[in-house]
Amino acid sequence: MTAQLPGWKSLPPGAVITRPGSTVEYKTHDWRTLRPVIDQERCIRCRLCWLYCPEGTIIELDKPYTTKTGRKYTRTYEINYDYCKGCGICAQECPAKAIKMVEEVR
Amino acid sequence: MGRFEIRWHGRGGMGAVTAAELTAMAAVKTGYYAVAFPEFGAERRGAPVKAYTRIDDEPIYEKTPIEEPDAVVVLDSSMVGQEAVLHGLKSGGWYIANTARDPEEVRKIIGRDDVKVATVNATKLAMEVFKAPIVNTAMIGALVAATGIVPLEKVEEAVRDRFPERYVDPNIKLLRQAYESVRKVV
Amino acid sequence: MAGKKKLPLSGNTAIAYAVKAADVDVISAYPITPQTTIVEKLTEFVANGELDAEVIHVESEHSALSAAVGASAAGARVFTASSSQGIALMYEIMFIASSMRLPIVMAMATRALSAPINIWNDHSDFMAASDTGWVMMMAHTNQEAHDDIILAYKIAEHPDVLLPVITAIDGYFMSHTIEPVEPIEREEALKFIPKKVTWSVLDPDNPVTMGPLGTPEWYYEFKRQQHEAMKKAREVFDEATKEFEKVFGRRYEPVEYFMMDDAEYALVAMGSVAGNVKAYIVKEARKRGIKLGLIRVKLFRPFPAEEIMEVISNLKAVGVIDRALAFGSSYGGPLYGDILSAAYTRGVDTPIVNFVAGLGGRPVTFRDIKAMVDATLALDGKTRKDVPKEPYFIGVRE
Ligand code: SF4
Ligand code: SF4
């Protein structure tokens, strides 16, 4: 891979990244040993995981969900597994214990 | 002329550093090389202050303190006679003091027959002009009158350059009065 | 003394006048002796409306340089100043400023490092900054200190360089000594250093990321670039000083030679002590028939190895005066270290000896310089194997 990277003469000085939004190309999921899994049945849509996730990888979706007991939600929280590092903060903070950290299998 | 080195003694706030600087500027205007610098260290209002002027007709390269001055100028009458003021003063050098005493008396106090003494009551003159004991320009007047190191007009030019408009005339007046009233014993 | 009007300026004030002439946008600094009056004078200029700049009052030097980095990254022409412990506290950010290639200019009024606490002059702080990636110069008159600021922006902002620059003067010996200085007016200064943003800046319309993570597959390339930028800095220094001479009539070289034309021996020095050596050469050495000259290093980073070696190679013996000590090093004084490695790589055999002197503001007297000259002359006819392995500690009590 290194062979294809540009040499020092062609890089912009000062390690300035001139292409905005290029961070999305840097997928951080391979740092993960445990994977958070949201139990949509237990989730009470409090949004705390969304707030606490240091990577911003919890996505709030306008996706209705109805629990087995008939409770209706207009929103759903899901995880972008391309960037989730598996830190477990979401699971720790979830008041409904709706997030489980399970072993990552690759 | 060669080298001429002056050490100024005053207290913080009296303008010893400004006096050193004005004299250096007058020397530059006369066509000499000159530098001025304070004693290096922490400055406090009211504490004894030393400042230096080094004049030469050749370029001045060194940046060392003056150890053996050709003249010492004492801005504060309470310092006349202090050992620190006499320290290193060359034989044949000038001891120039702000005091009401006459020069013979000062020579006795300092106990050095080998130095020339000039006195001027700069505090009295300054009180008349400024209503405050700002004696630095008066002491330059005394220095210039005694040693002839630079012409009085050049000091006046330096005063005009250095002070804001409203302080120029009173300072020049004081400078001239001191220049004229200096008393000396050689 | 013909020409333009000269003002009696201390080294610090001379620097402040130049910073005003450079029309800086941001001044970010924290007071420390003996630098304080630089920024004091500048804030006075700002308060009087003579300089339209943002003054950032910070709580430490670490913050002062951090704010300078931020302002420079936003495209401002930035100035800061410090000394001693202040430089030590800036140390972390100094690397960041140079690696981010921000053309900040910092004036340093050099001072010893604690402990014991000492506010007086030596080069410990300057030398501690020597590998931080900043271009470094040291003046030895107040006029030069003034001019160096203008030159510094010229070099720093050159698109081939884009490095921060330190312009140093000796604390007290220069910072507080008044000499006649011919100040450069703003209009002339800005013709020489027009305000143009030549570096990458933060701009909402053209978003960039600055100071990102550099993983092992990226980091090294940027360090290699910095090394190259330093080499460019040397080229730009030469161009800039030539142009400066044309405009302002004063010539600066990376190395100043004093009475070197017929010299057989030389002392190498930086800053104010070079003045003392000059005075000694004129008043003592030459009168005694000793063909002694002075090599004063003005540009320290990038180090002007070629020209120094060219001169040293023809001499009988050389002494290097250091006003700092590299504890436990193989050489002694940091300047000596640079000179020695230059001599090795250029195959120069002249015996070169080291003197450490004037630490913590101790004056370097004629007696001290005489001791150095005697020790240098003693190496006449000797080889480099005969050079003492330890520096001479001049002026210390045994
Ligand atoms: S494990 Fe950490 S990174 Fe992944 S979603 Fe939870 S809080 Fe975010
Ligand atoms: S913290 Fe738990 S309950 Fe709250 S939204 Fe996230 S998963 Fe649902």
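Counting restarts for each chain: residues are numbered from 1 in the order of the written sequence. Note on labels: chains are lettered from A, ligands numbered from 1, in written order. Only residues with pLDDT of at least 70 get local features here, since the model is predicted, and only at 80 or more are side-chain atom pairs given and counted; chain-wide, interface and lining totals rely on the full set of residues. Only hydrogens and water are set aside when side-chain values are computed; all heavy atoms of the structure are taken into account.

Caption draft 1: Examining the site of ligand 2 more closely. Close to ligand 2 lie A:Cys43, A:Ile44, A:Arg45, A:Cys46, A:Arg47, A:Cys49, A:Tyr77, A:Cys94, A:Pro95 and A:Ile99. Of the residues assigned to the shell around ligand 2, the class counts are eight nonpolar, no polar and two charged. If even one non-hydrogen atom of a residue comes within 4 Å of a molecule or strand, that residue is called near it. Here the nonpolar group is Ala, Val, Leu, Ile, Met, Phe, Trp, Tyr, Cys and Pro; Asp, Glu, Lys and Arg are the charged ones; every other residue, Gly included, is treated as polar.

Caption draft 2: Up close: helix 4 (residues 84-99) of chain C. Residues and elements named next belong to chain C. The helix count covers DSSP runs of H or I at least four residues long, the strand count covers runs of E at least two residues long, and both are numbered beginning at the N terminus. Expected span of a helix: the number of residues minus one, times 1.5 Å. Under the 1.5 Å per step criterion, the end-to-end length of helix 4 is 22 Å for 16 residues, consistent within 8% with the ideal 22 Å. The bend at a residue is defined as the angle formed between two axes, one fitted to the seven residues ending at that residue and one fitted to the seven starting there. If you look at helix 4, its biggest bend is around 60°, right at Tyr-91. When helix 4 is considered as a whole, its buried residues turn out to be Ser-84, Gly-86, Ile-87, Met-90, Ile-93, Met-94, Ala-97 and Ser-98. Should any heavy atoms of two residues lie within 4.5 Å, those residues are counted as being in contact. The inward-facing, buried residues of helix 4 contact helix 3 (61-73), strand 4 (78-82), strand 5 (105-110), helix 5 (124-128), strand 7 (165-170) and helix 8 (219-248). Among the residues trailing helix 4, Arg-101 stands out with phi positive, at a value near 60°. Burial classes follow relative accessibility: with a 1.4 Å probe on protein chains only, a residue under 20% of its type's maximum area counts as buried, one over 50% as exposed, and anything between as partly exposed.

Caption draft 3: Up close: the interface of chain C and chain B. The interface is formed by 27 residues belonging to chain C together with 21 residues belonging to chain B. Summed over both sides, the interface between chain C and chain B buries roughly 2,000 Å², with carbon and sulfur atoms accounting for 68% of that surface. By definition here, a salt bridge exists when the distance from a side-chain nitrogen of Lys or Arg to a carboxyl oxygen of Asp or Glu is within 4 Å. Remark: the boundary between chain C and chain B carries two salt bridges. Counting only elements with at least two residues in the side of chain C that touches chain B, the list comes to strand 1 (7-10), strand 8 (178-181) and helix 9 (273-285) of chain C. When its residues are assigned to classes, the side of chain C that touches chain B shows 15 nonpolar, seven polar and five charged. Buried area is calculated as the accessible area (1.4 Å probe) missing from two parts once they are joined, with the contributions of both summed.

Caption draft 4: Structural detail: the sheet that holds strand 11 (residues 292-297) of chain C. All names here are of chain C. Here, a strand pair is defined by DSSP locating no fewer than two bridges between the strands. The strand order 9-11-10-13-14-15 describes an open sheet built from six strands, whose pairing is mixed. Looking at which strands have only one partner, the edges of the open sheet turn out to be strand 9 (255-258) and strand 15 (392-394). The sheet shows a mean angle of 25° between the axes of neighbouring strands, taken without regard to direction. Sitting on the sheet, helix 11 (residues 334-345) is in contact with strand 10 (265-269), strand 11, strand 13 (317-322) and strand 14 (352-357), with an inclination near 145° to strand 13. Here an angle of 0 to 180 degrees is reported between the N-to-C directions of two axes, which are lines fitted to C-alpha atoms, with helices fitted over the stretch in contact.

Caption draft 5: Seen up close, the pairing of strand 4 of chain C. Residues and elements named next belong to chain C. By the criterion of burial, strand 4 is predominantly enclosed, with five of the five residues buried. One ladder, built from two bridges, connects strand 2 (residues 26-29) with strand 4; its direction is parallel. Following the sheet pairing, Ile-27 is matched in strand 4 by Phe-79. Two elements, strand 4 and strand 5, share four bridges in a ladder whose sense is parallel.

Caption draft 6: Local environment of the site of ligand 1. In the neighbourhood of ligand 1, the contacting residues comprise A:Pro36, A:Cys53, A:Pro54, A:Thr57, A:Ile58, A:Cys84, A:Lys85, A:Gly86, A:Cys87, A:Gly88 and A:Cys90. Across the shell around ligand 1, the residue classes break down as seven nonpolar, three polar and one charged.

Caption draft 7: Here's a closer look at the interface of chain A and chain C. Taken residue by residue, the interface counts 14 residues in chain A and 18 residues in chain C. When the two sides are added together, the surface that chain A and chain C hide from each other amounts to roughly 1,500 Å², 73% of it contributed by carbon and sulfur. Counting the contacts that link chain A with chain C gives zero salt bridges. Here the side of chain A that touches chain C is composed, by residue class, of 11 nonpolar, three polar and no charged.

Caption draft 8: How the structure looks around the arrangement of the chains. When the two pairs of chains in contact are ranked by number of contacts, first place goes to chains B and C. Structurally, chain A and chain B remain out of contact, their C-alpha atoms never closer than 40 Å.

Caption draft 9: Looking closely at the packing of helix 3 of chain C against helix 4 of chain C. All names here are of chain C. At their nearest, the axes of helix 3 and helix 4 sit 7 Å apart, and the two run at 25° to each other. Between helix 3 and helix 4, the angle falls in the class roughly parallel. Considering the relative orientation of helix 3 and helix 4, their crossing is right-handed. Contacts from Glu-61, His-62, Ala-64, Leu-65, Ser-66 and Val-69 of helix 3 reach helix 4 at Gly-86, Leu-89, Met-90, Glu-92, Ile-93, Met-94 and Ala-97. Class assignment for the residues of the contact of helix 3 with helix 4 results in eight nonpolar, three polar and two charged. Under this scheme an angle from 65 to 115 degrees is roughly perpendicular, one under 35 degrees roughly parallel, and one over 145 degrees roughly antiparallel; angles in between are oblique. Handedness of a helix crossing follows the sense of rotation of the near helix relative to the far helix, less than a right angle counterclockwise being left-handed and clockwise being right-handed.

Caption draft 10: View of a nonpolar patch on the surface. Only residues above 30% relative accessible area that lack a salt bridge enter a patch, with like-charged residues linked at up to 9 Å and the nonpolar side chains Val, Leu, Ile, Met, Phe, Trp and Tyr linked at up to 5 Å. Residue-level accessible areas treat just the shown protein chains as cover; the underlying method is Shrake-Rupley with a 1.4 Å probe. A contiguous nonpolar patch, built from A:Trp50, A:Leu51, A:Tyr52 and A:Ile89 and spanning about 390 Å² of accessible area, is present on the exposed surface. With three residues, the top contributor of residues to the nonpolar patch is helix 1 (residues 48-52) of chain A.

Caption draft 11: Region of the structure containing the packing of helix 9 of chain C against helix 12 (residues 366-377) of chain C. Residue and element names in this part refer to chain C. Helix 12 packs onto helix 9 with a crossing angle of 75° between their chain directions and a minimal axis gap of 10 Å. The angle between helix 9 and helix 12 places the two elements in the roughly perpendicular class. Residues Asn-276, Val-277, Ala-279, Tyr-280, Lys-283 and Glu-284 of helix 9 form the contact with helix 12, whose own contacting residues are Phe-366, Ile-369, Lys-370 and Val-373. Residue composition of the contact of helix 9 with helix 12, by class: six nonpolar, one polar and three charged.

Nothing here speaks to function; it is geometry throughout.
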